[in-house]
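What follows is the residue order along each chain.
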Amino acid sequence: MADDESDDPMGRMQEHCMPHCAVALNAYDACQARIQKKGDGNCEAWYADLVHCVDTCVSKTLFEKLK
């Protein structure tokens, strides 16, 4: 990493929050499996729920780490 590049902690924080969002992640994974089996549809609502959960978790500590 170059000296002028800053470290973005959000990626690590998102990974850390995934276990806290297990219910949303499992629902999204189940939807993906159904879509794969059926071959039609989308999982936008489940993905939105997952993103919301992760964003909520990350927001609790992200702004403390930003300069």
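The model shown is predicted, which means the values in this text are computed figures rather than measured ones.

S.K.: Would you mind showing me how to read the confidence of the model for the chain here?
M.R.: Any segment with low pLDDT has predicted coordinates that should not be analysed in fine detail. Mean pLDDT for the chain: 87, with 90% of residues reaching 70 or above. When pLDDT is averaged over each element of the chain, helix H2 (residues 22-38) comes out on top at 95 and helix H1 (residues 10-17) at the bottom at 89.

S.K.: Explain the environment of Lys-65 to me, please; I cannot follow it from the model alone.
M.R.: Tracing the backbone through its elements, the reader meets Lys-65 in helix H3 (residues 44-65). Sequence separation between Lys-65 and Pro-9 is 56 residues; the distance between their C-alpha atoms is 7.7 Å. With residues up to four places along the chain from it excluded, the contact list for Lys-65 reads Pro-9 and Met-13.

S.K.: What is the right way to look at the packing of aromatic side chains in this model?
M.R.: Where two aromatic rings form a pair, the distance of their centres and the angle of their planes describe that pair. One pass over the full model with this rule turns up 1 aromatic pair. Taken together, a centroid distance of 5.6 Å and an interplanar angle of 55° make the contact between Tyr-28 and Tyr-47 tilted. Residue Tyr-28 is located in helix H2, and its partner Tyr-47 is located in helix H3; the two are separated by 19 residues in the primary sequence. Under the relative-accessibility criterion, Tyr-47 is labelled partly exposed at 46%. In this arrangement the basic side chain of Arg-34 is found over the ring face of Trp-46, its NZ or CZ atom lying 5.6 Å from the centre.

S.K.: What should I look at first to understand the state of the cysteines in this one?
M.R.: Simply put, the disulfide is a covalent bond whose two ends are the sulfur atoms of two cysteines. Enumeration according to the criterion identifies 3 disulfides in this entry. Note on cysteine connectivity: Cys-21 is disulfide-linked to Cys-53, with sulfurs 2.1 Å apart. On the sign convention where negative means left-handed, the S-S torsion of about -95° between Cys-21 and Cys-53 marks this disulfide as left-handed. Note that Cys-21 is positioned in the loop between H1 and H2 and Cys-53 in helix H3, a separation of 32 residues in sequence. Assigning the bonded cysteines of the chain consecutive numbers by sequence position, one obtains the connectivity 1-6, 2-5, 3-4.

S.K.: How should the packing of H2 against H3 be read in this particular structure?
M.R.: Angle between the axes and distance between the axes: these two values describe a pair of packed helices. Packing of H2 against H3 leaves a shortest axis separation of 9 Å and a crossing angle of 160°. Between H2 and H3, the crossing angle belongs to the class labelled roughly antiparallel. As H2 runs across H3, the sense of the crossing is left-handed. Across the interface between the two elements, Ala-24, Leu-25, Ala-27, Tyr-28, Cys-31 and Arg-34 from H2 touch Trp-46, Tyr-47, Asp-49 and Leu-50 from H3. Partitioned by chemical class, the residues of the contact of H2 with H3 number 8 nonpolar, no polar and 2 charged.

Conventions used here
Residue indices follow the written sequence of each chain, beginning from 1 at its first position. Residue-level local features of this predicted model are given only where pLDDT is at least 70; pairs of side-chain atoms are given and counted only at 80 or more, and the full residue set underlies all totals for whole chains, interfaces and linings. The side-chain quantities take in all heavy atoms of the structure and omit both hydrogens and water. One confidence number per residue, pLDDT, is output by the predictor and ranges from 0 to 100. Note on conventions: DSSP H or I runs of at least 4 residues are helices, E runs of at least 2 residues are strands, and numbering of each starts at the N terminus. Here, residues are in contact when the closest pair of their heavy atoms is within 4.5 Å. Two rings from Phe, Tyr or Trp (for Trp, the six-membered ring) form a pair when their centres are within 6.5 Å of each other. A pair whose planes differ by under 30 degrees is stacked, one over 60 is edge-to-face, and the rest are tilted. Categorising residues by exposure relies on relative accessible area from a 1.4 Å probe, with only protein chains included: less than 20% of the type maximum marks a residue as buried, more than 50% marks it as exposed, and the intermediate range marks it as partly exposed. Here, a charge over a ring is recorded when the distance from Lys NZ or Arg CZ to the ring centre is within 6 Å and its angle to the ring normal is within 35 degrees. Cysteine sulfur pairs qualify as disulfides if the two atoms are within 2.5 Å. Lines fitted to C-alpha atoms define the axes here, with helix axes fitted over just the stretch in contact, and angles between the N-to-C directions of these axes take values from 0 to 180 degrees. Comment on the angle field: the value is read as roughly parallel under 35 degrees, roughly antiparallel over 145, roughly perpendicular from 65 to 115, and oblique elsewhere. Two helices that cross are described as forming a left-handed crossing if the nearer one is turned anticlockwise from the farther one by less than a right angle, and a right-handed crossing if clockwise. In this classification, the charged set is Asp, Glu, Lys and Arg, the nonpolar set is Ala, Val, Leu, Ile, Met, Phe, Trp, Tyr, Cys and Pro, and all remaining amino acids, among them Gly, are polar.

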